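A closer look at the structure
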Amino acid sequence: MNVRGPLPIKRIINAFGAVGYTLLLFVYAIISLSAVVWLMRRGKFFGLSVNLRTAEPLMQTVPTEPEPLTAQLLSAALGIATALVLVITLTALTYWLGRGGSRMLKRSVRFCQCPVTLVTLLVGKVLACGVATVPVLLAGILQMGNLWVVIILLGFITVALIIFLLQHYLAYTSEVVQAKDVW
């Protein structure tokens, strides 16, 4: 297998991009959900008001007799099937998020009337990481009680940025990959 060939190195480079886009989209989803919860707590989200501190815990029942062997086997089979479906779904989701994020970024670069090069793609990815960083830092300043969430989200953003930088370094050093092929 020739690692310097166009197909294997392009797949490796695009795998980095797919993981970076997935991490970044996860951070965007957490930011969006926290904004919705913040609006709901203040009663400004379609008139809904939720007080999360007064939620009552669900009652748990304790089984009085052990489960039969068939129920245990069925439960194990369902657990294995669920884990398999989850792994396949996460792999496909990462691929589609990387591909969709790349298309959206390339359209944004073209919309700004700039040529799609490795440099403009990297600038766009750095800007996307910066756009995610601002609300995370604001949430950290406004709510010091959830500082660990802010640290984890900043860690995800930093890892995504490092992955994007590594992806573009690999694309820049390989002679066979063009900017149109990079996710």
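As the structure is a prediction and not an experimental result, all values here were calculated from the model.

So, on to the side chain of Gln-167. Checked against the element boundaries, Gln-167 lands in helix H4 (residues 147–173). Residue Gln-167 is classed as buried on the basis of its relative accessible area of 0%. Separated by 2.8 Å, the side chains of Gln-167 and Lys-125 make a polar contact. When residues no more than four places from it in sequence are discounted, the contact partners of Gln-167 are Ile-13, Phe-16, Gly-17, Lys-125, Val-182 and Trp-183.

A few words now on the nonpolar core. With 20 residues, the main nonpolar core has Ile-13, Val-27, Ala-132, Val-136, Ile-157 and Val-182 as its most contacted residues. Elements represented by at least two residues in this core include exactly helix H1 (6–41), helix H3 (118–142) and H4. For this core, the leading source of residues is H1, giving six residues. If sequence neighbours within four positions are ignored, Ile-13 has contacts with Gln-167, Leu-170, Ala-171, Ser-174, Val-177 and Val-182.

Attention shifts here to unusual backbone geometry. Positive phi is not limited to glycine here, since Gln-113 has a value of about 60°. Structurally, Gln-113 is set in the loop between helix H2 (69–111) and H3. Overall, Gln-113 belongs to the exposed group, its relative accessible area being 73%.

A few words on the layout of surface pockets. Here the largest pocket defines a volume of roughly 590 Å³. Contributing to the lining of the largest pocket are 18 residues, with Ser-34, Ala-35, Trp-38, Ala-139 and Gln-143 lying nearest its centre. Taken together, the elements giving at least two residues each to the lining of the largest pocket come down to H1, H3 and H4. If one sorts the elements of the lining of the largest pocket by residue count, H1 sits on top with seven residues.

Moving on: the packing of aromatic side chains. A complete count under the given rule lists four aromatic pairs for this structure. Measuring from ring centre to ring centre gives 5.3 Å for Phe-26 and Phe-156, while their planes differ by 80°; the resulting arrangement is edge-to-face. Here Phe-156 lies in helix H4 and Phe-26 lies in helix H1, a separation of 130 residues in the sequence. Geometrically, the ring pair formed by Tyr-95 and Trp-96 is edge-to-face, given 5.0 Å between the ring centres and 80° between the ring planes. A relative accessible area of 35% means that Tyr-95 is categorised as partly exposed. Looking at Trp-96, the relative accessible area reads 55%, which means it is exposed. A connected cluster of aromatic rings, assembled from ring pairs, spans Tyr-95, Trp-96 and Trp-183.

How each quantity is defined
- Residues numbered from 1 in each chain as written.
- Predicted model: local features only at pLDDT ≥ 70, side-chain atom pairs only at ≥ 80, totals over all residues.
- Heavy atoms only, no water.
- Helix = DSSP H or I, 4+ residues; strand = E, 2+ residues; numbered from the N terminus.
- Buried < 20%, exposed > 50% of the residue type's maximum accessible area, 1.4 Å probe, protein only.
- Polar contact = N/O pair within 3.5 Å; in protein donor to acceptor, adjacent residues only side chain to side chain.
- Contact = heavy atoms within 4.5 Å.
- Core = buried A, V, L, I, M, F, W, Y, C linked by side-chain atoms within 4.5 Å.
- 1 Å grid on protein atoms, 1.4 Å probe; cavity = no way out; pocket = protein on both sides within 12 Å on 5 of 7 lines; lining within 4 Å.
- Points joined across faces, edges and corners; volume = space filled by probe spheres on them.
- Phe/Tyr/Trp six-rings, centres within 6.5 Å; stacked < 30°, edge-to-face > 60°.

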